[in-house]
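Here is how the chains run, residue by residue.
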Amino acid sequence: MNQLAIRKGLNPEDNDYRNHLIKGFEGEQKFDKLLDELNDEHLIMQDLSLEINRQTFQIDAIVITGNKIMLFEIKNYQGEYTFHENELKSYPYGNIILNPLSQLNRSCTLLRMLLEKIDINSPIEGQLVFINDFFVLYRNVEQRSLLLPQQIRKYIIQMNKQSVPVRAAQKACADRLLRLHKTEDRYIQVPEYTFEDLNKGVYCPKCSLTLRKKNRRTAYCPHCGFFDLNTRIISNEIKTFSLLFPDYDLKTSVIYDWCGTFFTKDSIQRTLAKEYIEKGSRKGTYYVKE
Ligand SMILES: [Zn+2]
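Just so we're clear, the structure is a prediction, and the values are computed from it rather than from any experiment.

**Observations concerning the domain arrangement of the protein chain**
Each assigned domain of the protein chain is listed here: domain 1 (2-180) and domain 2 (212-288). Between domain 1 and domain 2, the C-alpha centre-to-centre distance is 37 Å.

So this is what it looks like as structure tokens:
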């Protein structure tokens with residue numbers, strides 16, 4: 001989405017969606033860091049995409065311990081909200097937010113069904129985590145499955161105190177879930193694009209403006225001062241290209257065009273040869289990951 005924003009531009013709706021994804025991603029990263037404080041008696045899995053009875057569900061984080069499985073839904077909302085009769089509303093305007101608690105309940109139910117199917121019996125506990133320090137919630141009833149920014153650390157300390165050591169059964173459960181994880185599932189809706197649609201060039205990873213050559217081996221950003229070795233920039237451009245065009249062959253000439261002729265074909269070819277496996281005949285050489 002970031003590359004499409006730089007190379008094509010996004011309409012306001014897609015741009016809002018991109019910002020929403022970035023916020024969500026930042027929230028999950030922040031929570032992952034907090035989970036680092038858990039002791040060895042916890043198995044942690046992040047960002048799982050699972051399926052049961054043709055229903056797909058995403059889980060931000062799962063923590064397995066000796067006596068239960070904890071499922072976390074992370075929200076990076078910011079601002080003031082009210083929670084009343086199972087409805088989350090922005091305050092003071094009263095706009096209803098797609099109820100994250102029902103989302104959490106759905107995930108818990110589907111995970112329970114999935115575990116039953118693979119003969120794993122363990123209590124499941126769901127927690128909705130509001131991770132943003134600027135999130136304020138007004139409510140009149142205490143909700144146990146709801147964790148506010150100020151409560152997270154205490155909750156994690158509590159988890160460490162109450163944890164029961166993981167045994168072989170829990171490790172097997174984690175393995176099973178990882179194997180069921182659907183990596184190919186793209187649940188992010190990306191606007192359509194073609195190779196021709198996109199601007200070619202090399203852009204600053206920090207501020208997205210066009211890079212310039214510093215000398216034969218490095219390039220820099222005149223705007224923010226970012227600089228890096230050409231080889232590393234080429235390597236990242238190849239990764240970006242294959243992310244956006246997974247079905248295209250990796251060829252020197254294609255990457256050369258992709259980078260807007262910024263680098264020489266020789267240096268691109270060297271990077272491809274170093275990091276990928278060469279295939280094809282001399283004229284039709286292309287590169288693959290493995
Ligand atoms: Zn920059």
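Still more ground to cover, so stick around.
**A word on the packing of helix α6 (residues 230-244) against helix α8 (residues 265-275)**
Look at α6 against α8: their axes get within 10 Å of each other, and the N-to-C directions meet at 70 degrees. Considering the angle they form, α6 stands roughly perpendicular to α8. α6 and α8 meet at a crossing whose hand is right-handed. Facing Thr 231, Ile 234, Ser 235 and Ile 238 of α6, the residues of α8 in contact are Ser 267, Ile 268, Thr 271, Leu 272 and Glu 275. Tallied by class, residues from the contact of α6 with α8 come to four nonpolar, four polar and one charged.

**Regarding the sheet that holds strand β10 (residues 212-213)**
Read across the sheet, three strands follow the order β10-β11-β12 without closing on themselves; strand pairing throughout is antiparallel. Both outer strands of the open sheet, β10 and β12 (227-229), are each paired with one neighbouring strand and no more. Set on the sheet, α6 makes contact with β11 (218-220) and β12; between it and β12 the angle comes to about 90 degrees.

**Section: the coordination of the zinc ion**
Cys 204 (SG), Cys 207 (SG), Cys 221 (SG) and Cys 224 (SG) make up the full set of protein donors to the zinc ion, lying at 2.3 Å. Seen from the zinc ion, its four donor atoms lie at angles of 101 to 120 degrees, and the figure they make is tetrahedral. We note that the donor set of the zinc ion lies within a single chain, spaced as C-x2-C-x13-C-x2-C. Taken as a pair, Cys 204 in the loop between α5 (168-180) and β10 and Cys 221 in the loop between β11 and β12 lie far apart in primary sequence, 17 residues in all. An identical accessibility class is assigned to Cys 204 and Cys 221; each is buried.

**Thoughts on the layout of surface pockets**
In this structure, the second largest pocket occupies an estimated 450 Å³ of space. Those elements that provide at least two residues to the lining of the second largest pocket are β7 (124-130), β9 (146-147) and α4 (152-162). Counting residues per element, the lining of the second largest pocket draws most heavily on α4, at five residues. Here the lining of the second largest pocket is built from residues that sort into five nonpolar, 10 polar and five charged.

**So, α5**
Between the first and last C-alpha of α5 there are 18 Å, a value that for 13 residues agrees with the 18 Å anticipated at 1.5 Å per step. For α5, every residue scored as buried is listed here: Gln 170, Cys 173, Ala 174 and Leu 177. Along the long axis of α5, the arc covered by the buried residues comes to 95 degrees, so they all point the same way. Pointing more than 90 degrees away from the buried face of α5 are the exposed residues Ala 168 and Arg 179. Its buried side turned inward, α5 meets β1 (43-52), β2 (55-64), β3 (69-75) and α3 (100-117).

Rules used throughout
- Residues numbered from 1 in each chain as written.
- Predicted model: local features only at pLDDT ≥ 70, side-chain atom pairs only at ≥ 80, totals over all residues.
- Heavy atoms only, no water.
- Domains from an automatic or database assignment.
- Axes fitted to C-alpha atoms, helices over the stretch in contact; angles between N-to-C directions.
- Helix = DSSP H or I, 4+ residues; strand = E, 2+ residues; numbered from the N terminus.
- Parallel < 35°, antiparallel > 145°, perpendicular 65-115°, else oblique.
- Left-handed = near helix turned anticlockwise from the far one by under 90°.
- Contact = heavy atoms within 4.5 Å.
- Nonpolar A, V, L, I, M, F, W, Y, C, P; charged D, E, K, R; others polar.
- Pairing = 2+ DSSP bridges.
- Donors = N, O, S within 2.8 Å, 3.2 Å for Na, K, Ca; no water.
- Tetrahedral: all angles 85-135°; square planar, octahedral: opposite > 155°, others 65-115°.
- Buried < 20%, exposed > 50% of the residue type's maximum accessible area, 1.4 Å probe, protein only.
- 1 Å grid on protein atoms, 1.4 Å probe; cavity = no way out; pocket = protein on both sides within 12 Å on 5 of 7 lines; lining within 4 Å.
- Points joined across faces, edges and corners; volume = space filled by probe spheres on them.
- Expected span 1.5 Å × (residues − 1).
- Arc of directions from axis to C-beta.

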